[in-house]
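The primary structure of each chain is shown beneath.
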Amino acid sequence: MIVNRLGDLERAIMEVLWQTDSALTVRQVSNGLPQNLAHTTVMTVLDRLAKKGFARRERDGRAWRYRPAATREAYVAELMLTALAQTGDRDAALARFAQSVSGTEAEVLLQALSGLEEQQVSETEGDSGGRL
Amino acid sequence: MRALADAVLLAAVAVGSVRSARAMLRASWPRRSPAAAILLWQALGLAGGLAAVGALVAIGVSGQGTRTGVLGGLAALGTRLAYGQVFAPRQPVLLTSVRLAALFAGFTLFTALCGVLVMAFADAVNARGRQRELLALLAHGDPKVPGALVVDHPAAAAYCLPGIRSQIVVSVGTLDLLAPAELTAVLAHERAHLRARHDLVLIPFTSLRRAFPRSRVIAQSYRTVALLVEMMADDHALRVRGLLARELATALLRFGTAATDAAPAGAMAAAEGELTARVNRLLTPQPPLPRAAQAAVVLAAALLVAVPLLLLVIS
């Protein structure tokens, strides 16, 4: 993996932080990266991540140690909650393809779906029959 | 007396807008030509808001003795207040107090309407910003969905982030759920949202709902316009060559009925019937309104906005 843009750099560094349970020094983060980067570069990006709230830093003697503010799964869950939440004031933020249904409507729609699939199967069979 | 006549007319426009909104909620033609219907809905909202504010301000500036509409009256009143004359000369104090109260109410309504609009927009921008930040750390591309970002989660999700740096996002759950043609349909639907900036169409209704959370007409109007926007995007998606209405319909059906067990806690289900309405519309399409009828709708929308504007400026 070639790390070039700042966004990719942040992402690569978060991957390193997510891989371990312990807080890492800048050097340890550097060693975990797939390519060699200047110490100051890694420090700057870690600092940015801390400012954005994705990383937490703690003092360890003279050095800073960094750990992720939340697990990767927690961030994925946050993304998906916004993506799936269907009421509230955030409605205008995203445009969703469709909202999920439940109960009787879901049952009726599932029947409609299997009906459509049968129709498609019989048509395909009809096509191949025609060609033969 | 001129300003009072304006006030009565503007109040009539405001009441008429609400009544027309109720009629639009019951009408069946909007689903045949969603774009024209959405335009009319926008006009109803704008005219209703302008007229309600305008009527209050018109009462407030009545008795200024000008002939240049409500805004002219407002200018005259401003000049008078600048000279320190709170109460107009040769007018009863009670009448002046009522006028000032109406003026105050008009300004409050105007500020509130503009305020919620700005807030709704700012909230949407913030929520999208957070999404972009998270996506930059978590999402990746996938050859199955060129141009879209993929999030590793088993629940089915597909959405787009409108804006200058627009982005389409799907979950791994969606990739597993849908056939290639259905994925194409989903992407086409989302691209239609992005191209036509459907988020901007919905913002006034989001903010109205925020300003009047208890109003049932506004809540229903919001849902109706949101559904029309989805139908419009469905129509645009079908313009992609080789894409069948049935593929979009099965994508909707699979997507909407995907087990929500995988969804993280806190996600909620939609209002009953919207998905069914979209699927039915795709499978048994009705012809769009005749061109003449569509033109009439556009004309009605233009008139609806022009009347309160003219009353405010010239009259």
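Per chain, residue numbering runs from 1 following the sequence as it is written. Working convention: letters from A go to chains and numbers from 1 go to ligands, in the order in which they are written. Given that the model is predicted, a residue must reach a pLDDT of at least 70 before its local features are reported, and side-chain atom pairs must reach 80 or more before they are shown or counted; all residues, however, enter totals for whole chains, interfaces and linings.

**Describing the overall build of chain A**
Alright, step 1. Only DSSP runs of H or I covering at least 4 residues are called helices, and only runs of E covering at least 2 are called strands; the numbering of each starts at the N terminus. Of the regular secondary structure elements, chain A holds five helices and four strands.
Alright, step 2. Listed N to C, the secondary structure of chain A is α-β-α-α-β-β-α-β-α in terms of helices and strands.
Alright, step 3. Pairs at least 24 apart in sequence give 42% of the contacts found in chain A among residues at least 6 apart. Any two residues are considered in contact once their C-beta atoms, placed from the backbone, lie within 7 Å.

**Some remarks on the overall build of chain B**
Alright, step 1. On a plain count of helices and strands, chain B comes out with 11 helices and three strands.
Alright, step 2. Summarising its shape, the C-alpha atoms of chain B cover approximately 80 × 45 × 30 Å along the three principal directions.
Alright, step 3. Exposure criterion: with C-beta atoms placed from backbone coordinates, a residue whose C-beta has 20 or more other C-beta atoms within 10 Å is buried, one with 12 or fewer is exposed, and one in between is partly exposed. Relative to its full complement of 315 residues, chain B shows a buried share of 42%.
Alright, step 4. Contacts in chain B between residues at least 24 apart in sequence constitute 71% of all its contacts with a sequence separation of at least 6.

**Notes on the domain arrangement of chain A**
Alright, step 1. Assigned domains of chain A: these are domain 1 (6–68) and domain 2 (101–132).
Alright, step 2. Relative to domain 2 of chain A, the C-alpha centre of domain 1 of chain A lies at a distance of 52 Å. Residue ranges for the domains originate in an automatic or database domain assignment.

**As for helix H9 (residues 245–257) of chain B**
Residues and elements named next belong to chain B.
Alright, step 1. In a regular helix each residue adds 1.5 Å, so 13 residues correspond to 18 Å; H9 covers 18 Å between its end C-alpha atoms and thus fits that length.
Alright, step 2. Taken across its 13 residues, H9 has 11 buried, putting it largely inside the fold.
Alright, step 3. The set of residues buried in H9 consists of Glu247, Leu248, Ala249, Thr250, Ala251, Leu252, Leu253, Arg254, Phe255, Gly256 and Thr257. By this rule, a helix spans an expected 1.5 Å times one less than how many residues it contains.

**Here's the deal with the sheet that holds strand S1 (residues 149–151) of chain B**
Alright, step 1. Following DSSP output, two strands are said to pair if at least two bridges run between them. Taking strand neighbours across the sheet as the criterion, the four strands line up as S4(A)-S2(B)-S3(B)-S1(B) in an open arrangement whose pairing is mixed. With one partner strand each, in any of the chains shown, strand S4 (95–96) of chain A together with S1 of chain B form the two edges of the open sheet.
Alright, step 2. Across four bridges, strand S2 (residues 158–161) of chain B lies against strand S3 (residues 167–171) of chain B in antiparallel orientation. Directly across from Leu161(B), in S3(B), lies its bridge partner Gln167(B).
Alright, step 3. The strands that helix H6 (residues 180–195) of chain B touches are S4 of chain A together with S2 and S3 of chain B; relative to S2(B), the one it contacts most, it runs at about 25°. Between the N-to-C directions of two axes lies an angle of 0 to 180 degrees, each axis being a line fitted to C-alpha atoms and, for a helix, fitted only over the stretch in contact.

**Quick word on the interface of chain A and chain B**
Alright, step 1. If you look at the interface, chain A gives 41 residues, while chain B gives 56 residues.
Alright, step 2. Of all the elements, helix H4 (residues 72–84) of chain A adds the most residues to the side of chain A that touches chain B, at 11 residues.
Alright, step 3. Polar here means any residue outside two lists: the nonpolar Ala, Val, Leu, Ile, Met, Phe, Trp, Tyr, Cys and Pro, and the charged Asp, Glu, Lys and Arg; Gly therefore counts as polar. Here the side of chain A that touches chain B is composed, by residue class, of 24 nonpolar, seven polar and 10 charged.

**Some points on unusual backbone geometry**
All names here are of chain B.
Alright, step 1. Phi angles above zero are rare outside glycine, and Arg197 is one such case at about 50°.
Alright, step 2. With respect to the secondary-structure elements, Arg197 resides in the loop between H6 and helix H7 (198–211).
Alright, step 3. Arg197 gets classed as partly exposed once you count the C-beta atoms within 10 Å, which come to 14.

**Considering the packing of H6(B) against helix H8 (residues 216–237) of chain B**
All names here are of chain B.
Alright, step 1. Packing of H6 against H8 brings their axes to within 8 Å, and their N-to-C directions diverge by 120°. By the angle class used here, H6 and H8 are oblique. Note on packing geometry: the crossing formed by H6 with H8 is right-handed. Residues Ala185, Ala188, His189, Ala192 and His193 of H6 form the contact with H8, whose participating residues are Ala233, Asp234, His236 and Ala237. For classification purposes, angles smaller than 35 degrees are called roughly parallel, those larger than 145 roughly antiparallel, those between 65 and 115 roughly perpendicular, and all remaining angles oblique. A clockwise turn of the near helix away from the far one marks a right-handed crossing, whereas an anticlockwise turn of less than a right angle marks a left-handed crossing.

**What to know about the pairing of strand S2 (residues 55–60) of chain A**
All names here are of chain A.
Alright, step 1. Across six bridges, S2 lies against strand S3 (residues 63–68) in antiparallel orientation. Residue pairing in the sheet places Arg56 in a bridge with Arg67 of S3.
Alright, step 2. The antiparallel pairing of S2 with S3 creates a hairpin that spans two residues between the two strands, and Gly61 there sits at a positive phi of about 65°.

**Brief notes about the environment of Thr276(B)**
Alright, step 1. Considering the arrangement of structural elements, one finds Thr276(B) in helix H10 (residues 274–283).
Alright, step 2. Using a count of 17 C-beta atoms within 10 Å as the deciding quantity, one classes Thr276(B) as partly exposed.
Alright, step 3. Sequence-wise, Thr276(B) and Met24(B) are 252 residues apart; in three dimensions their C-alpha atoms are separated by 20 Å.
Alright, step 4. Apart from residues no more than four positions distant in its own chain, Thr276(B) is found in contact with Glu105(A) and Leu109(A).

**Structural notes on the packing of H7(B) against H8(B)**
Residues and elements named next belong to chain B.
Alright, step 1. One can describe the packing of H7 onto H8 by two numbers: an axis separation of 9 Å at closest approach and a directional angle of 170°. On the basis of their axis angle, the class for H7 and H8 is roughly antiparallel. Between H7, through His198, Val201, Leu202, Phe205, Thr206, Leu208 and Arg209, and H8, the contact on the second element is made entirely by Ile218, Ala219, Ser221, Tyr222, Val225, Ala226, Val229 and Ala233.
Alright, step 2. Across the contact of H7 with H8, the residue classes tally to 11 nonpolar, three polar and one charged.

**Brief notes about the confidence of the model for chain A**
Alright, step 1. Each residue carries a pLDDT value, the predictor's own confidence for that position, ranging from 0 to 100. With 86% of its residues at a pLDDT of 70 or more, chain A has an overall mean of 82.
Alright, step 2. This stretch, residues 128–132 of chain A, has a pLDDT under 50; its non-local contacts, to residues over four places away or in other chains, come to zero contacts.

**Some details on the sheet that holds S2(A)**
Residues and elements named next belong to chain A.
Alright, step 1. Spatially, three strands are ordered S1-S3-S2 in an open sheet, and the strand pairing comes out antiparallel. One side of each edge strand has no neighbouring strand; the edge strands of this open sheet are strand S1 (24–25) and S2.
Alright, step 2. In the packing of helix H1 (residues 6–19) onto the sheet, contacts are made with S1, S2 and S3, and the angle to S3 comes to roughly 85°.
Alright, step 3. Contacts from helix H3 (residues 39–52) reach S2 and S3 within the one sheet, and its direction differs from that of S2 by about 115°.

**Points about the domain arrangement of chain B**
Residues and elements named next belong to chain B.
Alright, step 1. In terms of domains, chain B is made up of domain 1 (1–138 + 293–315) and domain 2 (139–204 + 219–284).
Alright, step 2. For domain 1 versus domain 2, the separation of C-alpha centres amounts to 34 Å.
Alright, step 3. Contacts between domain 1 and domain 2 engage 20 residues on the former and 21 residues on the latter.
Alright, step 4. Of the residues forming the side of domain 1 that touches domain 2, the biggest block, nine residues, is contributed by helix H4 (residues 93–138).

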